[in-house]
Amino acid sequence: MNSKTVFLQTYGCQMNERDSEEVLGMLTAQGYEIAQAPEQADVILLNTCSVREHAEERAFGKMGELSVLKRERPELVLGIIGCMAKLHQDAIFKRLPKVDLVAGPAELYDLPYLLAEIHEKRQRGKVMAVGRAFRPLEQKPAGEYRRPGVGAFVTIMEGCDKSCTYCIVPKTRGQEVSRPAEEIIHEIARLVEAGYQDITLLGQNVNSYGKRFPDGTGYKGPLGRLRLLEEDPETLLDFPTLLRLIDRRTNVKRLRFTTSHPFDAHERLFEAMRDCRSVCDWLHLPVQSGSNRLLRAMRRGYTREAYLDKVSRLRELVPDISLSTDIIIGFPGETDDDFEQTARLMREVEYDSAFIFKYSPRPGTDAAAREDDVPREVKEARNQTLLTLQDEISQKRLQRFEGREVEVLIEGQAKRPGQMFGRTRGNHGVVVTGDAELAERLVTVRITRALPHTLFGEVAA
Ligand code: SAH
Ligand code: SF4
Ligand code: F3S
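Residues numbered from 1 in each chain as written. Chains lettered and ligands numbered in written order. Predicted model: local features only at pLDDT ≥ 70, side-chain atom pairs only at ≥ 80, totals over all residues. Heavy atoms only, no water.

Asks: How would you summarise the overall build of the protein chain if you had to cite specific residues and measurements?
Replies: Scanning the protein chain from terminus to terminus reveals 15 helices and 19 strands. Whereas a compact globule of 461 residues would reach a radius of gyration of roughly 23 Å, the protein chain reaches 23 Å, a difference of no more than 12%. Considering the protein chain as a whole, with its 461 residues, one finds that 53% of them fall into the buried category. Within the structure as shown, the protein chain displays about 20,800 Å² of accessible surface, and the carbon and sulfur contribution to it stands at 50%. (Helix = DSSP H or I, 4+ residues; strand = E, 2+ residues; numbered from the N terminus. Rg over C-alpha atoms; globule rule 2.2 N^0.38 Å. Buried < 20%, exposed > 50% of the residue type's maximum accessible area, 1.4 Å probe, protein only. Areas by Shrake-Rupley, 256 points an atom, 1.4 Å probe, with all protein chains shown as cover.)

Put into structure tokens, the structure is as follows:
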């Protein structure tokens, strides 16, 4: 067999990163080798993101550049996979006539078949994969690939049932489906055995885990969950139970999860976080806005007060918790007052870190029907204000570690020689004096200095 090479570039969220590993796993099992540069590849795939216009434009631009390679190598296969593929199949073929293959997130398991079809029949025409029936996991072509390192992602659910008015994800990823707990536990046990120490559970809303399983079981919705909690909280397979099961039945050292939707984050979750030795002191809890008016317009399902209540309850149970968040500025109709309330909420919560996004209208979403009326300069100014504010807060939050000893999992070399880089259980980056001997080790580090986004320290004797 002629050995072929594949180059795959990933945009977007961690779910996409994980999907890319799945694709590489399937293709390497079929004899493909992974190319380090597009120029060396027989197949080039971009795994794309549609969450903001900027992300889409970057992928369109990149594929435009890559199309030039086909002038000299017409047999080269170009594919767009992931969220953009699902949304824009026609536009992609129109704007990028050199593209051979388009496959959305639910069609990734079809890729080996589609590529084989293209190669074997030397078919010159387009192969459309979008819209094919979901291939059940059991029929997934064999093959496993993981990026080397200390951490690994494990997908626990697909899709999203929420309807945040600005968000395209429910359209690209479809309805929520949770993976059976046994499958997840076995996957984590295998990863731990292979040496991975820091496992991140992935889903667009991990807190609604257990709502719907592939076989049709599950608690179905918030009411089903409440009913089962009253009947028998012990047997309810929801996200807190999943955390406890993984904690009890695997030897994972560090367990994290993302993303948590505040509406579905309850006391039961905070208790599980407190009780499970492996669960890290870190929670990413995207608030999006501090204004009740905007939270309603975004259809987030909680108020600023409800959000703040959850944060204080969590801090009672897990006092040293590190919090991070996502914030959207410039949502349609955002006034100075709405914006001020977001800034106030950030000061009140004191996040360890925050991602600030400028609102980007996504075609077909409810919010896109409203005028994108916050001027660009205003979005830019608000963005800057929040970045500066968060730097101050981050600096203050990180200073609490100065003089303390913390557990650090060393990932690898830092930028400067003689320095290694790792993370605390709270997900803070730490630069540690030392050499490659420390790589992939869990060490106790005395923190000597805190910058807004990085801690510095020495291995404690
Ligand atoms: N499921 C996750 C979010 C996934 S998208 C959650 O609910 O938290 C990641 C982040 O992108 C979101 O939290 C939001 O802050 C941002 N985002 C999503 N759609 C956006 C849009 N249209 N414009 C700007 N930012 C957006
Ligand atoms: Fe998008 Fe909301 Fe679903 Fe997150 S919860 S993916 S923001 S619709
Ligand atoms: Fe982007 Fe799709 Fe993830 S739109 S954020 S890659 S789910």
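Asks: Any details on the packing of helix α10 (residues 239-249) against helix α11 (residues 267-275)? Residues and values, ideally.
Replies: At a minimum axis separation of 8 Å, α10 and α11 run at an interaxial angle of 15°. With respect to α11, the element α10 is oriented roughly parallel. Crossing handedness for the pair α10 and α11: left-handed. Across the interface between the two elements, F239, P240, T241, L243 and R244 of α10 pack against R268, L269, E271, A272 and D275 of α11. Looking at side-chain class alone, the contact of α10 with α11 contains five nonpolar, one polar and four charged residues. (Axes fitted to C-alpha atoms, helices over the stretch in contact; angles between N-to-C directions. Parallel < 35°, antiparallel > 145°, perpendicular 65-115°, else oblique. Left-handed = near helix turned anticlockwise from the far one by under 90°. Contact = heavy atoms within 4.5 Å. Nonpolar A, V, L, I, M, F, W, Y, C, P; charged D, E, K, R; others polar.)

Asks: Explain helix α1 (residues 14-29) to me, using residue names and the numbers behind them.
Replies: Along its 16 residues, α1 runs 23 Å from first to last C-alpha, staying within 8% of the 22 Å computed at 1.5 Å per residue. Taking burial as the measure, the 16 residues of α1 include twelve buried ones, the bulk of the element. Listed in full, the buried residues belonging to α1 are M15, N16, R18, D19, S20, E21, E22, V23, L24, G25, M26 and L27. With its phi angle positive at about 100°, G31 sits one or two positions after the end of α1. (Expected span 1.5 Å × (residues − 1).)

Asks: Just give me the short version of the packing of aromatic side chains, but keep the residues and values in it.
Replies: In the structure shown here, the tally under the stated rule is four aromatic pairs. For the pair F331 and Y359, a centre-to-centre distance of 5.4 Å together with 65° between the ring planes defines the contact as edge-to-face. Taken together, the positions of F331 in the loop between β13 (322-329) and α14 (336-349) and Y359 in the loop between β14 (353-358) and α15 (376-399) put the pair 28 residues apart, joining distant regions of the chain. Judged on exposure class, the residue F331 and its partner Y359 are both buried. The positively charged end of R95 is found above the aromatic ring belonging to F60, 3.9 Å away from the centroid. One Lys or Arg, R449, reaches over the ring of F456 and ends 4.9 Å from the middle of that ring. (Phe/Tyr/Trp six-rings, centres within 6.5 Å; stacked < 30°, edge-to-face > 60°. Lys NZ or Arg CZ within 6 Å of the ring centre and 35° of its normal.)

Asks: Account for the sheet that holds strand β15 (residues 405-413), naming residues and giving values.
Replies: The strands that make up a sheet pair up through hydrogen bonds in the backbone, lying either parallel or antiparallel. The strand order around the closed barrel formed by five strands is β15-β16-β17-β19-β18, and the pairing between neighbours is mixed. Ignoring strand direction, the axes of neighbouring strands in this sheet form an average angle of 50°. Here five bridges tie strand β16 (residues 419-424) to strand β17 (residues 429-433), and the two strands are oriented antiparallel to one another. Looking at the pairing, G422 lines up with V430 of β17. (Pairing = 2+ DSSP bridges.)

Asks: Report on the site of ligand 1, specifying residues and quantitative values.
Replies: By nearness alone, 15 residues border ligand 1, and Y166, Q204, Q288, D326 and S360 come closest of all. In the environment of ligand 1, an oxygen atom lies 3.1 Å from a nitrogen or oxygen atom belonging to the side chain of R52. One of the backbone nitrogen or oxygen atoms of Q204 is found 2.8 Å away from a nitrogen atom of ligand 1. Relative to its unbound accessible area of 540 Å², ligand 1 is 91% covered by the protein chains. (Near = heavy atom within 4 Å. Polar contact = N/O pair within 3.5 Å; in protein donor to acceptor, adjacent residues only side chain to side chain.)

Asks: Which residues make up the site of ligand 3, and what values do they have?
Replies: Around ligand 3, a shell composed of C13, N16, T48, C49, S50, V51, C83, R173 and Q204 is seen. Grouping the amino acids of the shell around ligand 3 by side-chain chemistry returns four nonpolar, four polar and one charged.

Asks: Requested: an account of α10, with residues and values cited.
Replies: Burial runs high along α10: eight of the eleven residues are buried. Along α10, the residues classified as buried are F239, P240, T241, L242, L243, L245, I246 and D247.

Asks: Describe in detail the nonpolar core, supporting the description with residues and values.
Replies: Grouped together as the largest cluster of nonpolar side chains are 56 residues, with contacts concentrated most on I199, L201, F239 and F257. Grouped together as the second largest cluster of nonpolar side chains are 22 residues, C49, A55, F60 and V99 included. (Core = buried A, V, L, I, M, F, W, Y, C linked by side-chain atoms within 4.5 Å.)

Asks: I'd like a rundown of the domain arrangement of the protein chain, residues and numbers included.
Replies: The domains assigned to the protein chain are domain 1 (5-124), domain 2 (145-399) and domain 3 (405-459). Here the C-alpha centre of domain 2 lies 29 Å away from the C-alpha centre of domain 1. Facing 22 residues of domain 1, the contacting portion of domain 2 comprises 21 residues. Together, the buried faces of domain 1 and domain 2 total about 2,000 Å²; carbon and sulfur atoms form 58% of this surface. A per-residue breakdown of the area domain 1 buries against domain 2 is headed by M15, R18 and E21, which together make up 33% of the total. Counting across the interface, domain 1 meets domain 2 through four salt bridges. With a closest N to O distance of 3.4 Å, E56 and R362 form a salt bridge. At the surface where domain 1 touches domain 2, the tally comes to six residue pairs in polar contact (both at pLDDT 80 or more). Top contributing element to the side of domain 1 that touches domain 2 by residue count: α1, with ten residues. (Domains from an automatic or database assignment. Buried area = accessible area lost by both parts, 1.4 Å probe. Salt bridge = Lys/Arg side-chain N within 4 Å of Asp/Glu carboxyl O.)

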